Amino acid sequence: MDRTTATHSRSRIMMVEQHQAFSVTPTGGALGAVVTGVDLSASLEAELVARLREAWLAHQVLVFRGQSLTDGQLVALARAFGDPHAVEVCEYDRSGLLPEIDVISNIMVDGRALGALGSGEAAWHTDMSMFEYPAAATLLFGKEIPPAGGNTRFANLYAAYETLPEETKRRIEGRRSIHDIAYTAAGTVRAGFEAVEDKTQGPGAVHPVVRTHVETGRRALFLGRQSYGYIQGLPVEESDALLEELWTHMTKPEFVWEHAWQQGDLVMWDNRCLIHGRGSVSSGARRMLRRVTVRGEKPV
Ligand SMILES: O=C(O)CCC(=O)C(=O)O
Ligand SMILES: [Fe+2]
């Protein structure tokens, strides 16, 4: 059976109240599924939200194509899945934006950026983990998408944890790491922060290296930013070597699936069990996405 046939044969049609049917088709990759048959701009019934949540927990990333959402509708959608964060750290002009709307864009007007992250590659990371209560969900909506570049990649950290050598699992058991707030996902030092010389003193939240997802009960690796972490209680060189080993393992191709954006895509991912990164975009190509993150639990 070729990949297309295999994928389709695993597609599931979900029936919900009021004859709303939607289908969930796994990407066939390491994680992720495409959902069809849902208009996310409508106010969603509790039953439908519960079914979507079930699919999201099972697949870690859901992709809905062909959506049309105002900022207000995107915030309302996020609210159906939890408590949206107000954007706290930001390096672009936010005048006129709803408090929950974060703008991801490379577009410049009069030398000023309209949004975060620019055109460069965004290194592997998890959203908002520099805070005590990192994001559970991120909802990202594509408004303007260039013909090429800017794919968002996701790595399945359940699978990465489960396949670690037993010896490595023992070494990280009960360990906690610093999720440094001084760095952006683009790998640059955040405005208003300074990079510290001594990694053991980095500012930001401290979280377990292995977390248990509160909704699925499954264990997953949990690290913030590639190359800026520190595992507490270890000499810096040992922490660096262990982090290097973990990041190399986590980002192996077999755990990774990549989303190629189209205008109107709404992608919703679960930061509690994956990391993500983004490829670079040509600076001449306009890319504009709107983002809302939903507050998660304190990782345990
Ligand atoms: O630009 C992207 O595709 C993803 C950016 C990102 O890391 C995010 O929105 O959290
Ligand atoms: Fe991100």
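About the criteria used
- Residues numbered from 1 in each chain as written.
- Chains lettered and ligands numbered in written order.
- Predicted model: local features only at pLDDT ≥ 70, side-chain atom pairs only at ≥ 80, totals over all residues.
- Helix = DSSP H or I, 4+ residues; strand = E, 2+ residues; numbered from the N terminus.
- Rg over C-alpha atoms; globule rule 2.2 N^0.38 Å.
- Buried ≥ 20, exposed ≤ 12 C-beta atoms within 10 Å, placed from the backbone.
- Near = placed C-beta within 6 Å.
- Nonpolar A, V, L, I, M, F, W, Y, C, P; charged D, E, K, R; others polar.
- Pairing = 2+ DSSP bridges.
- Axes fitted to C-alpha atoms, helices over the stretch in contact; angles between N-to-C directions.

### A few points about the overall build of the chain
Line of reasoning, step 1. From N to C terminus, the chain includes six helices and 20 strands.
Line of reasoning, step 2. Taken over C-alpha atoms, the radius of gyration comes to 19 Å for the chain, in line with the 19 Å a tight globule of 300 residues would show.
Line of reasoning, step 3. Each principal axis of the C-alpha distribution contributes one length, and for the chain these read about 60 × 50 × 35 Å.
Line of reasoning, step 4. Relative to its full complement of 300 residues, the chain shows a buried share of 41%.

### Things to note about the site of ligand 1
Line of reasoning, step 1. Around ligand 1, the surrounding shell holds 13 residues, and the nearest of these are I104, D127, T152, R278 and R291.
Line of reasoning, step 2. When the residues that make up the shell around ligand 1 are grouped by side-chain class, the tally is six nonpolar, four polar and three charged.

### Focus on the sheet that holds strand β12 (residues 176–180)
Line of reasoning, step 1. Overall, antiparallel pairing links the three strands, which are arranged β13-β12-β16 in an open sheet. This sheet does not close on itself; its edge strands, each paired only once, are β13 (204–208) and β16 (230–231).

### Considerations on the sheet that holds strand β17 (residues 256–259)
Line of reasoning, step 1. What the four strands build is an open sheet, ordered β9-β19-β11-β17; its pairing is antiparallel. Looking at which strands have only one partner, the edges of the open sheet turn out to be β9 (122–125) and β17. The mean angle between the axes of side-by-side strands here comes to 15°, regardless of whether they run parallel or antiparallel.
Line of reasoning, step 2. Here strand β11 (residues 152–156) runs beside β17; their pairing, made up of four bridges, is antiparallel. Residue pairing for β17: A155 is matched across the bridge by V256.

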